[in-house]
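Fold and geometry: a report
Each chain, letter by letter, is given below.
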Amino acid sequence: MSSNFQEELNMAFDSLKKNIEKPNILLVGGTGVGKSSLLNLCFGEDIAATGVGKPITQHINKFTSPNIPIVLFDSKGYEIGSEQESLFQKEVIELCSETQNSIEDKPHLVWYCIQTIGSRITDFDINIIRKIELSDIPISIVLTKADLVSDDDASLLKTAILNEFPKIQIFETTIKENLHGMELEKLISWSTSQLPNALKTAFVSAQKNSLKEKREHAKNAIIQHTTLAFATGFAPIPASSAPLLLANQSKLLARILYIYNLDRAVDSVSAIIQTAIASSLPIAGKYLVSQILKFFPGVGTAVGGTINGSVAASITSAFGFAVSEACAKLTELGLDHFDDSSFMKNFDDNLMKIFMEYLKQAKGNKND
């Protein structure tokens, strides 16, 4: 990989981080309901504890973190029947009101947390949820500590909630590792679906629980760049430059790295990815030169010839999916595996195998 490409990748990645639109999430819940645990489970850290915060109202603080591309509006825990109850309710409702609040501070999603222990939804909960619904902001109810009650008690609570709010989405969660958050992945999927398109990328990047969502979002990015590659094609190039076909623009790689949130260890991760691609691209280039006629008959030679839009699209797609799968594997294993010499030794080989498989699939699809 050329130093110019590395510079372009770094510029594209930095630009993406700087200009990405971040979603505002309002987290509401009583004292001791488990909001911090939910944040840790979903985003890998408690943004309200580790981020930079500023008060918006007496009961609501706004938090941001350099590592997590969301804006969190965290409500202080309330005590039912306290003197502050009505003020708390007023502040939450005003935050959700477009007429009372600036657009930049209006929540895009509300996660309303209710502790499953006790198996009840209070009149206070019902009143405030109903008023949030009137603001047209998507709201879901997150039942925390759901593993600590029986299935019957959990079912009774959900029935009571649905009697008041027949269409609301309810998700049971737990911090128990062996239960994998229970329905946390479903909460993430629902949240992604409710956000405007411009805000989805940041949220998918921020969450750490659902590789499925990251893969799906990376797939959408790959399709966009593949379409662009097909539309533009590639100019005549010498065989020595063939590997550059696989990059299709540094922006595709930057987007995939961002979606998998690998900037949290940007120095080591980008170096690993770049080293792997740098070692694999020359092999792929030689492979393409020798195999291009077999894969895509009739396009001419790769030496001094023109790689047309179909070939460019196939290569771009294969490159994108290979990097996406490699990033998914890195994410699944965890950042501590970056120091695993045996893993790193096979990383570039695995990337190449995935790339070649996707390239063959692209060729097969063309013949269908």
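Residues numbered from 1 in each chain as written. Predicted model: local features only at pLDDT ≥ 70, side-chain atom pairs only at ≥ 80, totals over all residues. Heavy atoms only, no water.

**Describing the side chain of Lys214**
Structurally, Lys214 can be placed in helix α9 (residues 211-232). Look at Lys214 and you get buried, because its relative accessible area is 2%. (Helix = DSSP H or I, 4+ residues; strand = E, 2+ residues; numbered from the N terminus. Buried < 20%, exposed > 50% of the residue type's maximum accessible area, 1.4 Å probe, protein only.)

**Remarks on the packing of aromatic side chains**
Within the structure shown, the criterion is met by six aromatic pairs. Between Phe13 and Tyr258, the aromatic rings sit 6.4 Å apart at their centres with planes inclined by 65°, giving edge-to-face as the arrangement. Separated by 245 residues along the polypeptide, Phe13 in helix α1 (residues 3-19) and Tyr258 in helix α10 (residues 250-259) bring together distant segments of the chain. Overall, Tyr258 belongs to the buried group, its relative accessible area being 3%. Judged by centre distance (6.3 Å) and plane angle (85°), the ring pair of Phe43 and Phe203 falls under edge-to-face. Placement of Phe43 in helix α2 (residues 35-43) and of Phe203 in helix α8 (residues 197-206) is noted, with a sequence separation of 160 residues between them. Overall, the relative accessible area of 1% leaves Phe43 in the buried class. The class for Phe203 is buried, based on a relative accessible area of 0%. Counting every residue linked through ring pairs, the aromatic cluster contains Phe43, Trp111 and Phe203. (Phe/Tyr/Trp six-rings, centres within 6.5 Å; stacked < 30°, edge-to-face > 60°.)

**Here we look at the confidence of the model for the chain**
Summary statistics for the chain give a mean pLDDT of 77 and a share of 67% for residues scoring 70 or more. The low-confidence segment residues 289-306, where pLDDT is below 50, has 36 contacts with residues more than four positions distant or belonging to other chains. (pLDDT = per-residue confidence, 0-100. Contact = heavy atoms within 4.5 Å.)

**With respect to the pattern of salt bridges**
Applying the stated criterion across every chain, the model contains seven salt bridges. In this structure, Glu94 and Lys90 form a salt bridge, with 2.8 Å as the shortest nitrogen-oxygen distance. Taken together, the residues Glu94 and Lys90, both in helix α4 (residues 85-95) and four residues apart, mark about one turn of the helix. Relative accessible area serves as the criterion here: at 29%, Glu94 is assigned to the partly exposed category. With a shortest N-O distance of 3.9 Å, Lys186 and Glu183 are connected by a salt bridge. Lys186 sits in the exposed class, given a relative accessible area of 51%. (Salt bridge = Lys/Arg side-chain N within 4 Å of Asp/Glu carboxyl O.)

**Regarding the pairing of strand β7 (residues 169-172)**
For strand β6 (residues 139-144) and β7, the ladder comprises four bridges, and the chain directions are parallel. When the sheet's bridge partners are listed, Ser140 is paired in β7 with Gln169. (Pairing = 2+ DSSP bridges.)

**Quick look at the packing of α4 against helix α5 (residues 123-134)**
One way to put it is that α4 packs onto α5 with a least axis distance of 10 Å and a crossing angle of 20°. Accordingly, the angle class assigned to the pair α4 and α5 is roughly parallel. You can see that α4 and α5 cross each other, and the crossing is right-handed. Judged by residue contacts, Glu85, Phe88, Gln89, Val92 and Ile93 of α4 engage Phe124, Asn127, Ile128, Lys131 and Ile132 from α5. Grouping the amino acids of the contact of α4 with α5 by side-chain chemistry returns six nonpolar, two polar and two charged. (Axes fitted to C-alpha atoms, helices over the stretch in contact; angles between N-to-C directions. Parallel < 35°, antiparallel > 145°, perpendicular 65-115°, else oblique. Left-handed = near helix turned anticlockwise from the far one by under 90°. Nonpolar A, V, L, I, M, F, W, Y, C, P; charged D, E, K, R; others polar.)

**Considering the environment of Gln58**
Among the secondary structure elements, Gln58 is positioned in the loop between β2 (52-55) and β3 (60-64). By relative accessible area, Gln58 is classed as partly exposed at 46%. Linking Gln58 and Leu87, residues 29 residues apart in sequence, is a C-alpha distance of 8.7 Å. Sequence-distant contacts of Gln58, that is, excluding residues within four places in its chain, are made with Lys76, Gln84, Leu87 and Glu91.

**A look at the side chain of Thr201**
Mapped onto the elements of the fold, Thr201 is located in helix α8. With a relative accessible area of 17%, Thr201 lands in the buried category. In this view, Thr201 contacts Ile20, His217, Tyr258 and Ile259; residues no more than four positions away in its chain are not counted.

**A short note on the sheet that holds strand β5 (residues 109-115)**
Spatial ordering of the open sheet is given by β2-β3-β4-β1-β5-β6-β7, a layout of seven strands whose pairing is mixed. Whereas interior strands pair on both sides, the edge strands pair on one side only; in this sheet they are β2 and β7. Averaged over all pairs of adjacent strands, the angle between their axes in this sheet comes to 25°, without regard to strand direction. Where β5 meets β6, six bridges bridge the pair, whose relative direction is parallel. Opposite Tyr112, over in β6, you have Ile141 as the bridge partner. Across the face of the sheet, α5 comes into contact with β5 and β6 while running at roughly 170° to β5. Against the sheet, helix α7 (residues 184-194) makes contact with β5, β6 and β7, and its axis sits at roughly 155° relative to β5, the strand it touches most.

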